[in-house]
Amino acid sequence: MDFSLADILAARAAIRGHADDTPFIPSPFMEARTGHAFLLKLENTQPIGAFKLRGALNAVMSLPADCAGVICCSTGNHGRGVAYAAAQRGIRAVVCMSELVPQAKVDGIRALGAEVRIGGRSQDAAWAESRRLAEAEALVEISPFDDPAVIAGQGTIGFEMMAARPDLHTVLVPLSGGGLAAGVAVAVKSVNPRVRVVGVSMDRGAAMHASIAAGRPVEIEEVPSLADSLGGGIGLDNRYTFALCRDHLDDIVLVSEEEVYHAMQVLYYEDRIVAEGACVVGLAAILSGKVAAGGATGTIVTGRNLDMGVFTRIMCGEDVDLGDRIVKGRPYGA
Ligand SMILES: *Cc1c(COP(=O)(O)O)cnc(C)c1O
(Lines give C-alpha, C1' and ligand atoms only; values in the text may rest on other atoms or scores of the structure.)
Protein backbone atom coordinates (compact mmCIF):
# COMPACT_ATOMS: atom_id res chain seq x y z
CA MET A 1 0.00 0.00 0.00
CA ASP A 2 1.14 3.47 -0.87
CA PHE A 3 1.09 5.27 2.47
CA SER A 4 3.80 7.62 3.66
CA LEU A 5 4.84 10.58 5.76
CA ALA A 6 3.31 12.86 3.11
CA ASP A 7 -0.17 11.56 4.06
CA ILE A 8 0.56 12.21 7.71
CA LEU A 9 1.81 15.75 7.06
CA ALA A 10 -1.33 16.46 5.02
CA ALA A 11 -3.42 15.17 7.93
CA ARG A 12 -1.47 17.43 10.26
CA ALA A 13 -2.47 20.46 8.19
CA ALA A 14 -6.11 19.27 7.96
CA ILE A 15 -6.63 18.82 11.70
CA ARG A 16 -4.52 21.74 12.91
CA GLY A 17 -6.31 23.83 15.49
CA HIS A 18 -8.86 21.09 16.23
CA ALA A 19 -6.78 18.22 17.59
CA ASP A 20 -3.05 18.70 17.53
CA ASP A 21 -0.04 19.32 19.75
CA THR A 22 -0.98 17.58 22.96
CA PRO A 23 1.57 17.80 25.80
CA PHE A 24 4.44 15.28 25.85
CA ILE A 25 5.52 15.26 29.47
CA PRO A 26 8.20 13.44 31.46
CA SER A 27 7.33 10.78 34.04
CA PRO A 28 9.93 11.14 36.81
CA PHE A 29 8.87 7.80 38.32
CA MET A 30 9.33 5.89 35.07
CA GLU A 31 12.62 7.70 34.44
CA ALA A 32 13.90 6.55 37.82
CA ARG A 33 12.71 2.99 37.09
CA THR A 34 14.24 2.74 33.62
CA GLY A 35 17.29 4.97 33.97
CA HIS A 36 16.26 6.75 30.75
CA ALA A 37 14.06 9.65 29.76
CA PHE A 38 10.41 8.49 29.77
CA LEU A 39 7.65 10.59 28.22
CA LEU A 40 3.87 10.46 28.12
CA LYS A 41 1.94 11.83 25.12
CA LEU A 42 -1.28 13.09 26.68
CA GLU A 43 -4.07 12.29 24.20
CA ASN A 44 -6.42 12.15 27.18
CA THR A 45 -6.37 15.96 26.93
CA GLN A 46 -8.11 16.00 23.50
CA PRO A 47 -11.58 17.61 23.42
CA ILE A 48 -13.30 14.18 23.33
CA GLY A 49 -10.84 12.70 25.82
CA ALA A 50 -9.08 10.44 23.31
CA PHE A 51 -6.77 10.44 20.28
CA LYS A 52 -9.46 8.99 17.97
CA LEU A 53 -10.47 12.56 17.24
CA ARG A 54 -7.40 12.97 15.01
CA GLY A 55 -8.27 10.18 12.60
CA ALA A 56 -11.97 11.01 12.59
CA LEU A 57 -11.25 14.68 11.89
CA ASN A 58 -8.89 13.91 9.04
CA ALA A 59 -11.42 11.52 7.51
CA VAL A 60 -14.30 14.00 7.88
CA MET A 61 -12.28 16.99 6.63
CA SER A 62 -11.23 15.10 3.49
CA LEU A 63 -14.80 14.30 2.38
CA PRO A 64 -16.17 16.06 -0.73
CA ALA A 65 -18.12 19.31 -0.23
CA ASP A 66 -21.46 17.72 -1.17
CA CYS A 67 -21.19 14.95 1.41
CA ALA A 68 -24.55 14.35 3.15
CA GLY A 69 -23.00 13.14 6.38
CA VAL A 70 -21.12 10.34 8.09
CA ILE A 71 -22.02 7.18 9.96
CA CYS A 72 -20.26 4.69 12.21
CA CYS A 73 -21.24 2.14 14.80
CA SER A 74 -18.69 2.64 17.54
CA THR A 75 -20.04 3.32 21.02
CA GLY A 76 -16.59 4.17 22.29
CA ASN A 77 -13.95 6.76 21.46
CA HIS A 78 -14.36 6.44 17.69
CA GLY A 79 -18.06 7.27 17.91
CA ARG A 80 -17.22 10.30 20.03
CA GLY A 81 -14.53 11.36 17.55
CA VAL A 82 -16.80 11.06 14.52
CA ALA A 83 -19.58 12.99 16.30
CA TYR A 84 -17.24 15.81 17.29
CA ALA A 85 -15.49 15.98 13.92
CA ALA A 86 -18.79 16.14 12.00
CA ALA A 87 -19.99 18.95 14.25
CA GLN A 88 -16.77 20.88 13.57
CA ARG A 89 -17.40 20.58 9.83
CA GLY A 90 -21.11 21.23 10.21
CA ILE A 91 -22.33 17.95 8.68
CA ARG A 92 -24.65 15.25 9.94
CA ALA A 93 -23.29 12.34 12.01
CA VAL A 94 -25.21 9.15 12.79
CA VAL A 95 -23.94 6.62 15.33
CA CYS A 96 -25.61 3.19 15.37
CA MET A 97 -25.73 1.21 18.60
CA SER A 98 -27.38 -1.88 19.98
CA GLU A 99 -30.09 -1.71 22.68
CA LEU A 100 -27.55 -3.08 25.14
CA VAL A 101 -25.33 -0.01 25.13
CA PRO A 102 -25.49 1.81 28.51
CA GLN A 103 -27.53 5.04 28.53
CA ALA A 104 -24.50 7.07 29.65
CA LYS A 105 -22.70 6.22 26.41
CA VAL A 106 -25.77 7.07 24.31
CA ASP A 107 -26.09 10.43 26.10
CA GLY A 108 -22.37 11.15 25.68
CA ILE A 109 -22.51 10.70 21.91
CA ARG A 110 -25.75 12.74 21.62
CA ALA A 111 -24.18 15.54 23.65
CA LEU A 112 -21.45 15.77 20.99
CA GLY A 113 -24.14 16.49 18.40
CA ALA A 114 -24.65 13.11 16.70
CA GLU A 115 -27.94 11.33 16.00
CA VAL A 116 -28.11 7.97 17.73
CA ARG A 117 -29.92 5.07 16.02
CA ILE A 118 -30.65 2.06 18.15
CA GLY A 119 -30.77 -1.15 16.12
CA GLY A 120 -31.12 -4.67 17.51
CA ARG A 121 -29.72 -6.44 20.51
CA SER A 122 -26.16 -7.05 19.37
CA GLN A 123 -23.21 -5.18 17.93
CA ASP A 124 -23.74 -7.14 14.70
CA ALA A 125 -27.33 -5.92 14.44
CA ALA A 126 -26.15 -2.34 14.96
CA TRP A 127 -23.58 -2.92 12.24
CA ALA A 128 -26.23 -4.21 9.82
CA GLU A 129 -28.41 -1.18 10.58
CA SER A 130 -25.51 1.19 9.90
CA ARG A 131 -24.86 -0.50 6.54
CA ARG A 132 -28.53 -0.15 5.61
CA LEU A 133 -28.68 3.51 6.65
CA ALA A 134 -25.43 4.38 4.91
CA GLU A 135 -26.92 3.07 1.68
CA ALA A 136 -30.41 4.54 2.16
CA GLU A 137 -29.31 8.03 3.23
CA ALA A 138 -26.04 8.35 1.28
CA LEU A 139 -23.91 8.60 4.42
CA VAL A 140 -20.19 7.85 4.33
CA GLU A 141 -19.13 5.14 6.75
CA ILE A 142 -15.93 5.87 8.68
CA SER A 143 -13.94 2.89 9.94
CA PRO A 144 -12.37 3.16 13.40
CA PHE A 145 -8.98 2.03 12.06
CA ASP A 146 -8.93 0.52 8.56
CA ASP A 147 -9.02 3.72 6.52
CA PRO A 148 -5.96 5.59 5.17
CA ALA A 149 -7.33 8.97 6.32
CA VAL A 150 -7.85 7.63 9.84
CA ILE A 151 -4.38 6.05 9.93
CA ALA A 152 -2.80 9.30 8.71
CA GLY A 153 -4.66 11.27 11.40
CA GLN A 154 -3.42 8.97 14.17
CA GLY A 155 0.07 9.13 12.65
CA THR A 156 0.29 12.84 13.47
CA ILE A 157 0.90 11.74 17.08
CA GLY A 158 4.11 9.97 16.07
CA PHE A 159 5.26 12.99 14.10
CA GLU A 160 4.68 15.31 17.08
CA MET A 161 6.57 12.94 19.39
CA MET A 162 9.61 12.90 17.08
CA ALA A 163 9.49 16.66 16.57
CA ALA A 164 9.48 17.24 20.34
CA ARG A 165 12.05 14.54 21.17
CA PRO A 166 14.34 13.60 18.28
CA ASP A 167 16.36 11.54 20.78
CA LEU A 168 13.62 8.91 21.24
CA HIS A 169 14.95 5.35 21.18
CA THR A 170 11.70 3.42 21.73
CA VAL A 171 8.01 4.21 21.19
CA LEU A 172 5.39 1.99 22.88
CA VAL A 173 1.95 2.09 21.23
CA PRO A 174 -1.32 0.62 22.56
CA LEU A 175 -2.54 -1.72 19.81
CA SER A 176 -6.03 -2.92 18.85
CA GLY A 177 -7.27 -2.49 15.26
CA GLY A 178 -3.88 -0.97 14.49
CA GLY A 179 -4.81 2.44 13.06
CA LEU A 180 -2.82 4.15 15.79
CA ALA A 181 0.17 1.80 15.65
CA ALA A 182 0.33 1.83 11.84
CA GLY A 183 0.22 5.63 11.62
CA VAL A 184 2.65 6.19 14.47
CA ALA A 185 5.12 3.58 13.19
CA VAL A 186 5.18 5.09 9.69
CA ALA A 187 5.59 8.63 11.08
CA VAL A 188 8.31 7.72 13.56
CA LYS A 189 10.32 5.58 11.16
CA SER A 190 10.06 8.14 8.37
CA VAL A 191 11.75 10.64 10.67
CA ASN A 192 14.28 8.14 12.07
CA PRO A 193 14.23 4.50 10.93
CA ARG A 194 16.36 3.43 13.89
CA VAL A 195 13.67 4.18 16.48
CA ARG A 196 12.11 0.96 17.81
CA VAL A 197 8.28 0.94 17.65
CA VAL A 198 6.54 -1.72 19.72
CA GLY A 199 2.80 -2.43 19.76
CA VAL A 200 1.32 -3.52 23.09
CA SER A 201 -1.99 -5.37 23.58
CA MET A 202 -3.60 -7.27 26.43
CA ASP A 203 -2.90 -11.01 26.46
CA ARG A 204 -6.54 -12.04 26.01
CA GLY A 205 -8.16 -11.19 22.67
CA ALA A 206 -5.15 -9.60 20.94
CA ALA A 207 -6.40 -9.80 17.35
CA MET A 208 -3.50 -8.09 15.56
CA HIS A 209 -0.93 -10.21 17.39
CA ALA A 210 -2.78 -13.42 16.48
CA SER A 211 -3.23 -12.26 12.88
CA ILE A 212 0.44 -11.42 12.34
CA ALA A 213 1.43 -14.76 13.88
CA ALA A 214 -0.99 -16.53 11.49
CA GLY A 215 0.21 -14.50 8.48
CA ARG A 216 -3.32 -13.27 7.69
CA PRO A 217 -6.22 -11.54 9.48
CA VAL A 218 -7.88 -14.00 11.87
CA GLU A 219 -10.83 -13.72 14.20
CA ILE A 220 -10.33 -14.31 17.87
CA GLU A 221 -12.81 -14.41 20.70
CA GLU A 222 -13.41 -11.05 22.35
CA VAL A 223 -13.21 -11.18 26.14
CA PRO A 224 -13.74 -8.48 28.78
CA SER A 225 -10.60 -6.56 29.73
CA LEU A 226 -9.53 -3.65 31.92
CA ALA A 227 -8.15 -2.31 28.62
CA ASP A 228 -11.60 -2.42 27.00
CA SER A 229 -10.73 0.10 24.26
CA LEU A 230 -8.27 -2.50 22.95
CA GLY A 231 -10.98 -5.13 22.39
CA GLY A 232 -12.43 -6.15 19.02
CA GLY A 233 -11.10 -7.69 15.83
CA ILE A 234 -9.13 -6.29 12.90
CA GLY A 235 -11.67 -7.53 10.32
CA LEU A 236 -11.17 -10.60 8.11
CA ASP A 237 -11.32 -8.22 5.15
CA ASN A 238 -8.65 -5.93 6.62
CA ARG A 239 -7.14 -3.80 3.87
CA TYR A 240 -4.53 -1.54 5.46
CA THR A 241 -3.63 -1.90 9.12
CA PHE A 242 -2.67 -5.58 9.02
CA ALA A 243 0.02 -5.08 6.37
CA LEU A 244 1.23 -1.77 7.85
CA CYS A 245 1.58 -3.19 11.38
CA ARG A 246 3.22 -6.36 10.06
CA ASP A 247 5.73 -4.35 8.02
CA HIS A 248 6.49 -1.44 10.36
CA LEU A 249 6.23 -2.64 13.97
CA ASP A 250 9.42 -4.08 15.43
CA ASP A 251 7.52 -6.24 17.88
CA ILE A 252 4.16 -6.82 19.56
CA VAL A 253 4.14 -7.49 23.31
CA LEU A 254 1.20 -8.75 25.39
CA VAL A 255 0.45 -7.77 28.98
CA SER A 256 -1.85 -9.41 31.55
CA GLU A 257 -4.88 -7.90 33.31
CA GLU A 258 -2.88 -7.82 36.56
CA GLU A 259 -0.11 -5.88 34.82
CA VAL A 260 -2.67 -3.40 33.44
CA TYR A 261 -4.21 -3.05 36.91
CA HIS A 262 -0.85 -2.23 38.47
CA ALA A 263 0.17 0.17 35.68
CA MET A 264 -3.12 2.10 36.10
CA GLN A 265 -2.20 2.59 39.75
CA VAL A 266 1.30 3.74 38.78
CA LEU A 267 -0.01 6.30 36.27
CA TYR A 268 -2.44 7.68 38.85
CA TYR A 269 -0.36 7.62 42.03
CA GLU A 270 2.97 8.59 40.46
CA ASP A 271 1.92 10.85 37.57
CA ARG A 272 -1.54 11.87 38.85
CA ILE A 273 -3.20 10.93 35.58
CA VAL A 274 -6.69 9.47 35.24
CA ALA A 275 -6.67 7.25 32.16
CA GLU A 276 -8.22 4.14 30.62
CA GLY A 277 -6.66 0.70 30.98
CA ALA A 278 -5.78 0.83 27.28
CA CYS A 279 -3.39 3.72 27.94
CA VAL A 280 -1.11 2.01 30.37
CA VAL A 281 -0.16 -1.09 28.39
CA GLY A 282 3.11 0.64 27.39
CA LEU A 283 3.96 1.29 31.03
CA ALA A 284 2.90 -2.26 31.89
CA ALA A 285 5.25 -3.67 29.23
CA ILE A 286 8.19 -1.86 30.88
CA LEU A 287 7.18 -2.45 34.51
CA SER A 288 6.74 -6.19 33.86
CA GLY A 289 10.16 -6.42 32.23
CA LYS A 290 8.65 -7.57 28.91
CA VAL A 291 10.27 -4.60 27.16
CA ALA A 292 13.63 -3.17 28.24
CA ALA A 293 14.02 0.59 27.81
CA GLY A 294 17.26 0.88 25.86
CA GLY A 295 17.12 4.68 25.79
CA ALA A 296 14.63 7.55 25.82
CA THR A 297 11.15 6.04 25.68
CA GLY A 298 7.77 7.52 24.77
CA THR A 299 4.28 6.11 25.11
CA ILE A 300 0.79 7.39 24.37
CA VAL A 301 -1.86 7.98 27.03
CA THR A 302 -4.61 7.31 24.50
CA GLY A 303 -7.79 8.28 26.36
CA ARG A 304 -9.65 8.96 29.58
CA ASN A 305 -13.16 7.67 28.85
CA LEU A 306 -13.49 5.03 31.52
CA ASP A 307 -15.95 3.79 34.10
CA MET A 308 -15.06 5.77 37.24
CA GLY A 309 -16.53 3.05 39.46
CA VAL A 310 -13.99 0.56 38.13
CA PHE A 311 -11.24 3.18 38.31
CA THR A 312 -12.00 3.90 41.96
CA ARG A 313 -11.95 0.20 42.83
CA ILE A 314 -8.53 -0.17 41.25
CA MET A 315 -7.13 2.86 43.05
CA CYS A 316 -8.43 1.45 46.32
CA GLY A 317 -6.77 -1.89 45.59
CA GLU A 318 -10.06 -3.81 45.34
CA ASP A 319 -10.79 -6.84 43.15
CA VAL A 320 -12.42 -6.12 39.77
CA ASP A 321 -15.02 -8.51 38.34
CA LEU A 322 -14.66 -8.59 34.54
CA GLY A 323 -17.63 -10.93 34.11
CA ASP A 324 -15.71 -14.03 33.08
CA ARG A 325 -12.98 -13.68 35.69
CA ILE A 326 -11.84 -11.61 38.63
CA VAL A 327 -8.72 -9.47 38.59
CA LYS A 328 -7.24 -9.76 42.06
CA GLY A 329 -6.66 -6.36 43.64
CA ARG A 330 -3.72 -5.05 45.63
CA PRO A 331 -3.38 -1.63 47.29
CA TYR A 332 -0.71 0.47 45.58
CA GLY A 333 2.67 0.14 47.26
CA ALA A 334 1.54 -2.79 49.45
C1 LIG B 1 -9.04 2.88 19.73
C2 LIG B 1 -8.18 2.99 20.93
C3 LIG B 1 -6.91 2.37 21.01
C4 LIG B 1 -6.37 1.47 19.92
O5 LIG B 1 -6.30 2.07 18.65
P6 LIG B 1 -6.30 1.17 17.32
O7 LIG B 1 -6.10 2.11 16.20
O8 LIG B 1 -7.63 0.47 17.25
O9 LIG B 1 -5.19 0.17 17.46
C10 LIG B 1 -6.16 2.57 22.16
N11 LIG B 1 -6.61 3.33 23.18
C12 LIG B 1 -7.81 3.94 23.16
C13 LIG B 1 -8.23 4.77 24.32
C14 LIG B 1 -8.64 3.80 22.03
O15 LIG B 1 -9.84 4.41 22.02
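Here the structure is shown first, and the text comes after it.
Reading guide: rules and limits
- Residues numbered from 1 in each chain as written.
- Predicted model: local features only at pLDDT ≥ 70, side-chain atom pairs only at ≥ 80, totals over all residues.
- Heavy atoms only, no water.
- Helix = DSSP H or I, 4+ residues; strand = E, 2+ residues; numbered from the N terminus.
- Contact = heavy atoms within 4.5 Å.
- Near = heavy atom within 4 Å.
- Polar contact = N/O pair within 3.5 Å; in protein donor to acceptor, adjacent residues only side chain to side chain.
- Areas by Shrake-Rupley, 256 points an atom, 1.4 Å probe, with all protein chains shown as cover.
- Nonpolar A, V, L, I, M, F, W, Y, C, P; charged D, E, K, R; others polar.
- Axes fitted to C-alpha atoms, helices over the stretch in contact; angles between N-to-C directions.
- Parallel < 35°, antiparallel > 145°, perpendicular 65-115°, else oblique.

**Description of the environment of G277**
On the secondary structure map, G277 appears in the loop between α11 (257–271) and α12 (281–287). Residues G277 and R246, spaced 31 residues apart in sequence, show a C-alpha to C-alpha distance of 24 Å. Discounting residues that sit within four places of it in the chain, G277 has contacts with L226, A227, V260 and M264.

**Here's the deal with the site of the ligand**
Neighbouring the ligand are 15 residues, the closest being K52, N77, S176, G178 and T302. G177 has a polar backbone atom sitting 2.9 Å from an oxygen atom of the ligand. For the ligand, whose accessible area on its own is 380 Å², the fraction buried by protein is 96%. Its residues placed into classes, the shell around the ligand shows 5 nonpolar, 8 polar and 2 charged.

**So, the packing of helix α1 (residues 5–15) against helix α3 (residues 52–61)**
The N-to-C vectors of α1 and α3 enclose an angle of 85°; their axes lie 9 Å apart at closest approach. The pairing of α1 with α3 is recorded here as roughly perpendicular in orientation. Each of A11, A14 and I15 in α1 lies in contact with α3, whose residues at this interface are R54, L57, N58 and M61. For the contact of α1 with α3, the class distribution of residues is 5 nonpolar, 1 polar and 1 charged.

Interpretation note: all reported values are geometric properties and have no functional meaning in isolation.
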